[in-house]
Amino acid sequence: MNIHEYQAKRLLQERGVAVPTGEVVENVAQAQAAAERLAAAGAQRFVIKSQIHAGGRGQGVFASGLPGGVKVCSSPAEVATRAQAMLGQVLVTRQTGPEGRRVSKVLIEAALRIERELYVAVLLDRAAGRPLLMASTAGGMEIEEVAAATPDQIIRELVDPVQGLMPFQARKVAVALGLQGELLAPTARLLSGLYRTWWDCDASLVEINPLAVVTLADGRQTVMAVDAKMNLDDNGLFRHADLQTLRDLAEEAPLETEASRNGLNYIKLDGDIACLVNGAGLAMATMDIIKYYGGNPANFLDVGGGASQEQVAAAFRIILKDPGVRAILVNIFGGIMDCDVIARGMAAAVRESGLRLPLVVRLEGNNVVAGKQTLAASGLALISGDSMADAAEKVVAAAAH
């Protein structure tokens, strides 16, 4: 589950990570009032930041033509003008796709005097099976580009999950970032808070980009999280009722939200061949083989190893709500899954929807004979696939007509 920048900053701040002073608002009057409060506290410039679940907001462009989802303003009146131009408008960035995302909230913060921009994050190193504190002196850039172009700029520190991030490790990374002297202690505290946030919240990623070295009004320097990105592990959310309330359904694709409500794993793609598969690995292989035979998958849809007839029917309803779908491939290998359950769910969904699209079905495994008998007795107009390759080839041909 993704959350907004302002939500991530709040969770980080609760665990000792320094963040800029700011408020999230939903209308122009609130925006100006927030900026006026910051001005009364000594702020001379302000930053207004669109809150959507996507990166690249600063380089994004609104559908109205206004460039930039992040702007620096010199007065509360300018903040109000910018809020008027942003709120309710669709912001398109390199991560949103051409459809963009509608901005319903903006974050108003005091602008900082930034001296250096760095990068820090905590994530799971799957190869090592341990948490990884990752850092770089190349802040404010896409970390994937930094890793590809200058891998020597990536600092990696594996963490023992039993002990957690040790103080010496936090200091080691701080020194590697060039943050010594008066900056060593605050950086070590910030890194410890960053790791604690990742651990406490069952996050899959907590990223600060940029982590900024800033000069305060009294001339002292410190480090602050200027931006924050946080992804929470869905599998751990049952432990965090408070974090579940942070979910913003308006930021999620409607079909993906509906799938989640039905216990299905669904991701919409740009192709025209819908896939209904049991198991994430088989779903990936199914998309690969569709591409191999010249087609384009319209979705990733994993009904899981123990889906009910109702879930299968729900999966079909979701598929059929995508207007770009021209054919459907059902590829089931029954291990835990009963092929007859899939067949009954398909029959019910097709009768309910009056399906007119080509339907290619490949069933193998547990109770496959009963499943094929159910489909034969249903009277459905379907195309049978004798193997995964045969089914893929047939659905690509069907979608082309």
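1. Quick word on the layout of surface pockets
Inference 1: Space inside the second largest pocket adds up to approximately 550 Å³.
Inference 2: If you trace the second largest pocket, you find 17 residues lining it, with Gly42, Ala43, Ala111, Leu112 and Ala217 closest to the centre.
Inference 3: Per-class residue counts for the lining of the second largest pocket are 11 nonpolar, four polar and two charged.

2. As for the sheet that holds strand 7 (residues 106-110)
Within a beta sheet, neighbouring strands are joined by backbone hydrogen bonds and run either parallel or antiparallel to one another.
Inference 1: The strand order across the open sheet formed by four strands is 1-7-2-4, and the pairing between neighbours is antiparallel. Two strands bound the open sheet, and with one partner strand each, they are strand 1 (22-25) and strand 4 (70-73). Sheet twist, expressed as the average angle between the axes of neighbouring strands with direction ignored, equals 20°.
Inference 2: Across four bridges, strand 1 lies against strand 7 in antiparallel orientation. From the neighbouring strand, Val24 faces strand 7, where its bridge partner is Leu107.
Inference 3: Contacting strand 1, strand 2 (46-50) and strand 7, helix 1 (residues 5-13) crosses the sheet at an angle of about 50° to strand 7.

3. Considering helix 10 (residues 309-320)
Inference 1: Given a rise of 1.5 Å per residue, 12 residues ought to cover 16 Å, and the 17 Å separating the end C-alpha atoms of helix 10 matches this to within 8%.
Inference 2: When helix 10 is considered as a whole, its buried residues turn out to be Gln311, Val312, Ala313, Ala314, Ala315, Phe316, Ile318 and Ile319.

4. Re the packing of helix 2 (residues 28-40) against helix 3 (residues 76-86)
Inference 1: Relative to each other, helix 2 and helix 3 sit at 150°, their axes nearing to 8 Å. In this view, helix 2 runs roughly antiparallel relative to helix 3, as classed from their interaxial angle. Here the hand of the crossing between helix 2 and helix 3 comes out right-handed. Here helix 2 contributes Val28, Ala31, Gln32, Ala35, Glu36 and Ala39 to the contact with helix 3, which in turn contributes Pro76, Val79, Ala80, Ala83 and Gln84.

5. Some details on the packing of helix 9 (residues 280-292) against helix 13 (residues 388-400)
Inference 1: Two numbers describe how helix 9 lies on helix 13: the axes approach to 9 Å, and their chain directions differ by 55°. The angle between helix 9 and helix 13 falls in the class oblique. Helix 13 is crossed by helix 9, and the crossing has right-handed handedness. Contacts between helix 9 and helix 13 pair Leu282, Ala285, Thr286, Ile289 and Ile290 from the former with Met388, Ala389, Ala392 and Val396 from the latter.

6. Description of the sheet that holds strand 5 (residues 90-92)
Inference 1: Across the sheet, which stays open at both edges, the three strands sit in the order 3-5-6 with antiparallel pairing between neighbours. Two strands bound the open sheet, and with one partner strand each, they are strand 3 (61-62) and strand 6 (101-102).

7. Quick look at unusual backbone geometry
Inference 1: That bond from Asn209 to Pro210 is cis: its omega, 10°, falls within 30 degrees of zero.
Inference 2: Among the secondary structure elements, Pro210 is positioned in strand 11 (residues 203-215).
Inference 3: With a phi close to 55°, Asp202 is a non-glycine residue in the positive phi region.
Inference 4: With respect to the helices and strands, Asp202 occurs in the loop between helix 6 (184-200) and strand 11.
Inference 5: The backbone of Asn367 shows a phi angle near 60°, a positive value even though the residue is not glycine.
Inference 6: Turning to its location among the elements, Asn367 is positioned in the loop between strand 18 (359-365) and helix 12 (368-378).

8. Some points on the side chain of Arg362
Inference 1: Among the structural elements, Arg362 can be located in strand 18.
Inference 2: No salt bridge is formed by the buried Arg362; its nearest oppositely charged neighbour, Glu364, is found at 4.9 Å.
Inference 3: In this structure Arg362 touches Val330, Asn331, Ile332, Gly385, Ser387, Met388 and Ala391, once residues within four positions along its chain are discounted.

9. Some details on the pattern of salt bridges
Inference 1: Applying the stated criterion across every chain, the model contains 17 salt bridges.
Inference 2: Residue Arg15 is joined to Glu14 by a salt bridge in which the shortest nitrogen-to-oxygen separation is 3.6 Å.
Inference 3: Counted as one network, the salt bridges with shared partners bring together Glu5, Lys9, Lys49, Arg57, Glu109 and Asp227.

10. A look at the packing of aromatic side chains
Inference 1: In the structure shown here, the tally under the stated rule is four aromatic pairs.
Inference 2: Ring plane angle 20° and centroid distance 6.4 Å describe the contact between Tyr195 and Trp199, whose orientation is recorded as stacked. Here Tyr195 and its partner Trp199 are both found in helix 6, four residues apart, which amounts to about one turn of the helix.
Inference 3: Relative to Trp199, the ring of Trp198 has its centre 6.4 Å away and its plane inclined at 40°; by these criteria the two rings are tilted.
Inference 4: On the basis of relative accessible area, Trp198 is assigned to the buried category, the value being 8%.
Inference 5: Cluster of aromatic residues (ring-pair linked, three or more members): Tyr195, Trp198 and Trp199.

The rules behind the values
- Residues numbered from 1 in each chain as written.
- Predicted model: local features only at pLDDT ≥ 70, side-chain atom pairs only at ≥ 80, totals over all residues.
- Heavy atoms only, no water.
- 1 Å grid on protein atoms, 1.4 Å probe; cavity = no way out; pocket = protein on both sides within 12 Å on 5 of 7 lines; lining within 4 Å.
- Points joined across faces, edges and corners; volume = space filled by probe spheres on them.
- Nonpolar A, V, L, I, M, F, W, Y, C, P; charged D, E, K, R; others polar.
- Pairing = 2+ DSSP bridges.
- Helix = DSSP H or I, 4+ residues; strand = E, 2+ residues; numbered from the N terminus.
- Axes fitted to C-alpha atoms, helices over the stretch in contact; angles between N-to-C directions.
- Contact = heavy atoms within 4.5 Å.
- Expected span 1.5 Å × (residues − 1).
- Buried < 20%, exposed > 50% of the residue type's maximum accessible area, 1.4 Å probe, protein only.
- Parallel < 35°, antiparallel > 145°, perpendicular 65-115°, else oblique.
- Left-handed = near helix turned anticlockwise from the far one by under 90°.
- Lys, Arg positive; Asp, Glu negative; His and termini not counted.
- Salt bridge = Lys/Arg side-chain N within 4 Å of Asp/Glu carboxyl O.
- Phe/Tyr/Trp six-rings, centres within 6.5 Å; stacked < 30°, edge-to-face > 60°.

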